[in-house]
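Summary of structural features
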Amino acid sequence: ENVKETLGFQAEVKQLLHLMIHSLYSHKEIFVRELCSNAADAADKLRFEALNDGALYEDQPELKIWISADKEAKTLTIRDNGIGMNRQEVIEHIGTIAKSGTKEFFGKLTGDQQKDAQLIGQFGVGFYSSFIVADKVTLTTRRAGLTQEHGVRWESEGSGEYSLETVDKDSRGTEIVLHMKEGETEFLEEWRIKAVIRQYSDHIAIPIVFVNDKGEEETVNKANALWARSKNDITEEEYKAFYQHVGHDYEDPLAWIHARVEGRQDYTVLLYVPAHAPFDLWDREAKTGVKLYVKRVFIMEDARKLMPAYLRFMRGVIDAADLPLNVSREILQQTKDMEMIRAGCVKKALDLLDDLAENRRDDYAKVWENFGEVLKEGVGEDHANKDRIAGLCRFRSTASDEPTVSLADYIGRMKEGQDKVYYVTADSLAAAKSSPHLEIFRKKGIEVLLLTDRVDEWLVSHLFEFDGKSLASVAKGDLDLSAVKSEAADQAEEEAPKAEEAKALVERIQEALKDEVKEVRVSSRLVDSPACLVAGEHDMSGHLARMLKAMGQ
Ligand code: ADP
Ligand code: MG
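Residues numbered from 1 in each chain as written. Chains lettered and ligands numbered in written order. Predicted model: local features only at pLDDT ≥ 70, side-chain atom pairs only at ≥ 80, totals over all residues. Heavy atoms only, no water.

Side note on unusual backbone geometry
Even without being glycine, A223 reaches a positive phi, approximately 60 degrees. Looking at where A223 falls in the secondary structure, it is placed in the loop between β9 (217-219) and α8 (236-246). For A223, a relative accessible area of 22% translates into the label partly exposed. For K295, which is not glycine, the phi dihedral falls at a positive 45 degrees. Its place among the elements puts K295 in the loop between β12 (290-294) and β13 (297-301). (Helix = DSSP H or I, 4+ residues; strand = E, 2+ residues; numbered from the N terminus. Buried < 20%, exposed > 50% of the residue type's maximum accessible area, 1.4 Å probe, protein only.)

Next up, the structure:
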């Protein structure tokens, strides 16, 4: 039963450990933040499970994190009374990297320490950051609900393997003992530890208690939920530190919105836009996103249920004051109240994006670069907010190589007599630009949006008009630009063959292509090219047809 077994780290863990120790050395104090962050998450999880089973609290309902140092033994101990882990959970969570996007992450590493340190920061190193300062880590844990002989001890020197044994642990939760490396004893100094906690972990909602050699306890952090405090009392630094905790990110967020909404449902929402795309942006299973609390009690973390998929890059918390605490996650997802809160939070998220788009253009350009393709999904997904989302979209066009053109910009500079927003869809910018369909538009000086993202076909199949102007593909249906005057184009039109004159030719071509095309017509679309393919008004565009074919459909 009680044998000590030795297991190997997953290959990726070894690689990560090695890299981290070398490249994050200049930020070594982050291990404190990581371990406190994990302890706080463990407290959240316990509180949630205890909603249905109060016995999990045993005789310790007050959740805390304790930190103590032993200068003689050169150890730093971080202990919590949160949910803890069973043996299987230890194996799955400590010693493995379960994060989605891990493979992509390793593919991106360059070997350049400076660059890799940045990447590692984005990826999140969590528990393993202990090995930046420790040459041995002993983690002892017992899951809430298990009896005391079901404790588990995990120990490793961070070199490639770890040992695991079953032990007795009388208190619930997790204790992590860091055996500090030679030269890292600064973290055994009381003032140093306290300073790091105040700097990085002040926002943690449960007390972080420093225990000195005499056993005296002192709470070091503010220990209240940041989002529940008044906006005026929260500094920018505090908002940023909190983001790094909820967003599992090392970089500062780009922007945030913090609001208390009162009405049929009272709730507080604090949402952040990250400065870069997370590794799992395209992973449909990815979970991190927005956390739901009810009266400060953590309920769930599931981006999809709290935010629509097209806002899955948002991070933050929603704290509902009026939902019943003892509801299950399943029920919660179906209530009208939850729907109202969700709709309100979506509105806040769009407010934030609108504000950036209007007042911080450079930052909005970054948002668009990172999340534009995701946001575009919303046009087809969120009927109620379709126009707002369309208004947030930015495109390349024949007038701009950068994706900075909004539909409003486009409409604002439409030519006299022009009544539609024209676009062309293609696989690449080069293909879009060289489309023969654009010839007449160039000649007439009419701007055309160049749509080259995969999601664009989906976008235009849901967006028929914007601000009263219909959207039209340059490659579809009849095209009548006669109302848009332009000398150069008028001349070209005059020189073009009239339908009557070309009748015989058209008939011959029609005959030759009768199995390939529906119809052959004389067109005013072209200026330099002799012919082009046009789809019917209600047919699939040529680009979409090619895309589907490439996907085997
Ligand atoms: P992350 O926090 O991003 O998931 P970490 O490396 O920090 O990554 O932690 C990995 C996992 O180990 C956590 O998700 C959690 O399941 C588990 N874990 C770590 N620390 C604790 C703790 N103090 N109590 C309970 N579980 C923990
Ligand atoms: Mg963590």
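Still more ground to cover, so stick around.
Some details on a negative patch on the surface
On the surface, D135, E157, E161 and E182 cluster together into a patch of negative charge. With respect to the helices and strands, the residue E157 is situated in the loop between β5 (151-156) and β6 (161-167). (Patch = residues over 30% accessible without salt bridge, like charges linked within 9 Å, V, L, I, M, F, W, Y side chains within 5 Å. Areas by Shrake-Rupley, 256 points an atom, 1.4 Å probe, with all protein chains shown as cover. Salt bridge = Lys/Arg side-chain N within 4 Å of Asp/Glu carboxyl O. Lys, Arg positive; Asp, Glu negative; His and termini not counted. Charge placed at Lys NZ, Arg CZ, Asp CG, Glu CD.)

Examining the sheet that holds strand β7 (residues 173-180)
Taken together, the nine strands give an open sheet; going across it, the order is β1-β6-β5-β4-β7-β3-β2-β8-β9, and neighbouring strands pair in mixed fashion. Taken across any chain shown, the strands that pair with only one partner, and hence form the sheet edges, are β1 (5-8) and β9. Strand-to-strand twist of the sheet, defined as the mean angle between neighbouring strand axes without regard to direction, takes the value 20 degrees. Bridging between β1 and β6 involves four bridges; their strand directions are antiparallel. Directly across from T6, in β6, lies its bridge partner S163. Most of the contacts of helix α7 (residues 190-200) go to strand β8 (residues 208-211), to which it runs at about 175 degrees, and overall it touches β2 (65-70), β3 (75-80), β8 and β9. (Pairing = 2+ DSSP bridges. Axes fitted to C-alpha atoms, helices over the stretch in contact; angles between N-to-C directions. Contact = heavy atoms within 4.5 Å.)

Some words on the packing of aromatic side chains
All chains considered together, the criterion is met by 15 aromatic pairs. R79 extends its terminal NZ or CZ atom over the ring of W66, reaching a point 4.2 Å from the ring centre. Over the aromatic face of F298 sits the side chain of K291, whose NZ or CZ is 5.4 Å from the ring centroid. (Phe/Tyr/Trp six-rings, centres within 6.5 Å; stacked < 30°, edge-to-face > 60°. Lys NZ or Arg CZ within 6 Å of the ring centre and 35° of its normal.)

A closer look at the pattern of salt bridges
Oppositely charged side chains can pair when the atoms bearing their charge come close. A full pass over the atoms with the stated rule returns 31 salt bridges. The residue E190 makes a salt bridge to K194 at a minimum N-O spacing of 2.7 Å. Of this pair, E190 and K194 both sit in helix α7, four residues apart, which is roughly one turn of the helix. For E190, a relative accessible area of 33% translates into the label partly exposed. Among the residues examined, K194 registers a relative accessible area of 10% and is labelled buried. With a closest N to O distance of 3.8 Å, D319 and R296 form a salt bridge. Of this pair, D319 sits in strand β14 (residues 315-320) while R296 sits in the loop between β12 and β13, placing them 23 residues apart in sequence. Overall, R296 belongs to the partly exposed group, its relative accessible area being 46%. Because the salt bridges share partners, they merge into one network encompassing K28, E184, E186 and R192.

Things to note about the side chain of K444
Within the element layout of this structure, K444 appears in helix α16 (residues 439-444). Here K444 falls in the buried class, since its relative accessible area comes to 2%. One polar contact links the side chain of K444 to the main-chain carbonyl oxygen of V484, over a distance of 2.8 Å. (Polar contact = N/O pair within 3.5 Å; in protein donor to acceptor, adjacent residues only side chain to side chain.)

Examining the nonpolar core
Soluble globular proteins tend to pack their nonpolar side chains together in the buried interior. If you look at the biggest cluster of nonpolar residues, it comprises 76 residues, and the most contacted ones within it are L311, F313, L353 and Y422. In terms of residue count, the dominant contributor to this core is helix α11 (residues 336-359) (ten residues). Counting 61 residues, the second-largest nonpolar core is a separate cluster that includes C36, L56, I65 and M180. (Core = buried A, V, L, I, M, F, W, Y, C linked by side-chain atoms within 4.5 Å.)

Focus on the pairing of strand β16 (residues 400-405)
Here two bridges tie strand β15 (residues 395-397) to β16, and the two strands are oriented antiparallel to one another. Bridged to S397 within β16 is S400. Counted between consecutive antiparallel strands, the loop separating β15 from β16 contains two residues.

Section: the pairing of β3
Taking burial as the measure, the six residues of β3 include five buried ones, the bulk of the element. In this structure, β2 lies alongside β3, joined through six bridges in antiparallel fashion. Its bridge partner being in β3, I65 is matched across the sheet by D80. As consecutive antiparallel partners, β2 and β3 are separated by four residues, and within that stretch K74 has a phi angle of approximately 55 degrees, a positive value. Where β3 meets β7, six bridges bridge the pair, whose relative direction is antiparallel. Note that in β7 the partner of L76 across the bridge is L178.

Observations regarding the sheet that holds β16
The six strands lie next to each other as β16-β15-β18-β17-β20-β19, forming an open sheet whose pairing is mixed. Single-partner strands in this sheet number two, and they are β16 and β19 (465-466).

Some details on the site of ligand 1
Taken together, twelve residues lie near ligand 1, and N38, D80, G126, F127 and T174 sit nearest. Contact distances for ligand 1 include 2.9 Å between a nitrogen atom and a side-chain N or O atom of D80. At 2.9 Å from an oxygen atom of ligand 1 is found a main-chain nitrogen or oxygen belonging to F127. Protein contacts shield 83% of the accessible area of ligand 1, which totals 530 Å² for the unbound molecule. Looking at which element gives the most residues to the shell around ligand 1, the answer is helix α2 (residues 30-52), with three residues. The residue makeup of the shell around ligand 1, split by class, is four nonpolar, five polar and three charged. (Near = heavy atom within 4 Å. Nonpolar A, V, L, I, M, F, W, Y, C, P; charged D, E, K, R; others polar.)

Considerations on a nonpolar patch on the surface
A contiguous nonpolar surface patch, about 240 Å² in accessible area, is contributed by L505, I509 and L513. Secondary-structure assignment places I509 in helix α19 (residues 503-512). On the basis of relative accessible area, I509 is assigned to the partly exposed category, the value being 33%.

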